[in-house]
Amino acid sequence: MTGPSRELIFVAASGLAREALSAIRAQDAFTAVGFLDDSASLAGATVDGLPVLGPTSAIVKFPAAQIVVCAGRGVVREQIVDRLTALGVSQERYATLIDPTVNIPPGCEVGAGAIVLGGVRLTTAVSIGRHAVVMPNVTLTHDCVLEDFATACAGVTLGGNVLIQRGAYLGMNASVRQGTVVGAAATLGMGSALLGDLPAGQTWAGVPARPLDLPGIETKKLHLERGR
Ligand SMILES: CC(C)(COP(=O)(O)OP(=O)(O)OC[C@H]1O[C@@H](n2cnc3c(N)ncnc32)[C@H](O)[C@@H]1OP(=O)(O)O)[C@@H](O)C(=O)NCCC(=O)NCCS
């Protein structure tokens, strides 16, 4: 049995918001009302058939609507959630959007405000935190944890028991070895293979993944140049 459809507002008229809209249009759990966005160029615009209703502060005009924050970067989502909290938005207002193609097995959990797009696979005992974003075709294997505001871009694969800490960002098609920790607000570049823990706040990339500004990257490039 399904409950009544709930009104839903997307904060940030981003590509992610349009993807989330596409995912929920196939369901009857939500009625999409529109976007809120602070960009002056979007004022009064229509995006994918939905109106931009005003800036973020206009949320006060929609006291009953559910909300999902759609900035692509978790650190930005967290800033927006903080602003919404200051405007009186309670945690219960945040919707959890899961594409209808995605199965959430028993024992897995998805937090309020999270977005899970098409083709994502969760195997067992996977936890997706509040306002986390999991983009298409991500594979989250046993005992993985994505903390609040974490982002896994399309095609990311996590081995078992990986911990992605708060606000960390995994670029497209990155792979993470089992048992590894990606620190809070760290970034892993697209296509990387992460073999060991990535410290909080750092950006690593490559195969194997290394800090972008470390001599290791330069050394690798020199080898490549000599090999030409
Ligand atoms: C890692 C990343 C964040 C770095 O971005 P940036 O700070 O703008 O870095 P730049 O593009 O200036 O590149 C800096 C250096 O790192 C290298 N680099 C960047 N990304 C890399 C990657 N994924 N793998 C290997 N090397 C990479 C560049 O070649 C460059 O090297 P150089 O200085 O020798 O020329 C970015 O490249 C990335 O991978 N972002 C994720 C993109 C993504 O998944 N988007 C999904 C949107 S839904």
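Here the structure is a predicted model, which is why all the values come from computation and not from measurement.

Asker: It is not clear to me how the overall build of the chain should be interpreted in this structure. Could you clarify?
Answerer: Counting secondary structure elements, the chain contains 3 helices and 23 strands. The globule rule puts the C-alpha radius of gyration for 228 residues at 17 Å, and the 19 Å found for the chain is close to it. Projected onto the principal axes, the alpha-carbon positions of the chain cover approximately 60 × 40 × 30 Å. Split into buried and exposed, the 228 residues of the chain put 39% on the buried side. Taking as baseline every contact in the chain between residues at least 6 positions apart, the subset at least 24 positions apart corresponds to 28%.

Asker: Would you mind going over the domain arrangement of the chain with me for this structure?
Answerer: Many authors give the size of an interface as the accessible area that is lost as the parts come together. In terms of domain boundaries, the chain breaks down into domain 1 (6-93) and domain 2 (96-204). Its C-alpha centre places domain 1 at a distance of 22 Å from the equivalent point of domain 2. If you look at the interface, domain 1 gives 16 residues, while domain 2 gives 16 residues. For the side of domain 1 that touches domain 2, the secondary-structure elements that each account for two or more residues are helix 1 (15-25), strand 5 (66-69) and helix 2 (74-86). Looking at the side of domain 1 that touches domain 2, its residues break down into 9 nonpolar, 3 polar and 4 charged.

Asker: Help me out: how do you make sense of unusual backbone geometry in this one?
Answerer: Only a minority of non-glycine residues have a phi that is not negative, and only a minority of peptide bonds are not trans. Residue Pro208 is bonded to the preceding Val207 through a cis peptide linkage, with omega at -5°. By the element assignment, Pro208 lies in the loop between strand 22 (203-205) and strand 23 (210-211). At Asp48, a residue that is not glycine, the phi angle is positive and equals roughly 50°. You can see Asp48 is positioned in the loop between strand 3 (46-47) and strand 4 (50-54). Positive phi is not limited to glycine here, since Phe149 has a value of about 65°. Tracing the sequence through the fold places Phe149 in the loop between strand 13 (145-146) and strand 14 (151-152).

Calculation criteria
- Residues numbered from 1 in each chain as written.
- Predicted model: local features only at pLDDT ≥ 70, side-chain atom pairs only at ≥ 80, totals over all residues.
- Helix = DSSP H or I, 4+ residues; strand = E, 2+ residues; numbered from the N terminus.
- Rg over C-alpha atoms; globule rule 2.2 N^0.38 Å.
- Buried ≥ 20, exposed ≤ 12 C-beta atoms within 10 Å, placed from the backbone.
- Contact = placed C-beta atoms within 7 Å.
- Domains from an automatic or database assignment.
- Nonpolar A, V, L, I, M, F, W, Y, C, P; charged D, E, K, R; others polar.

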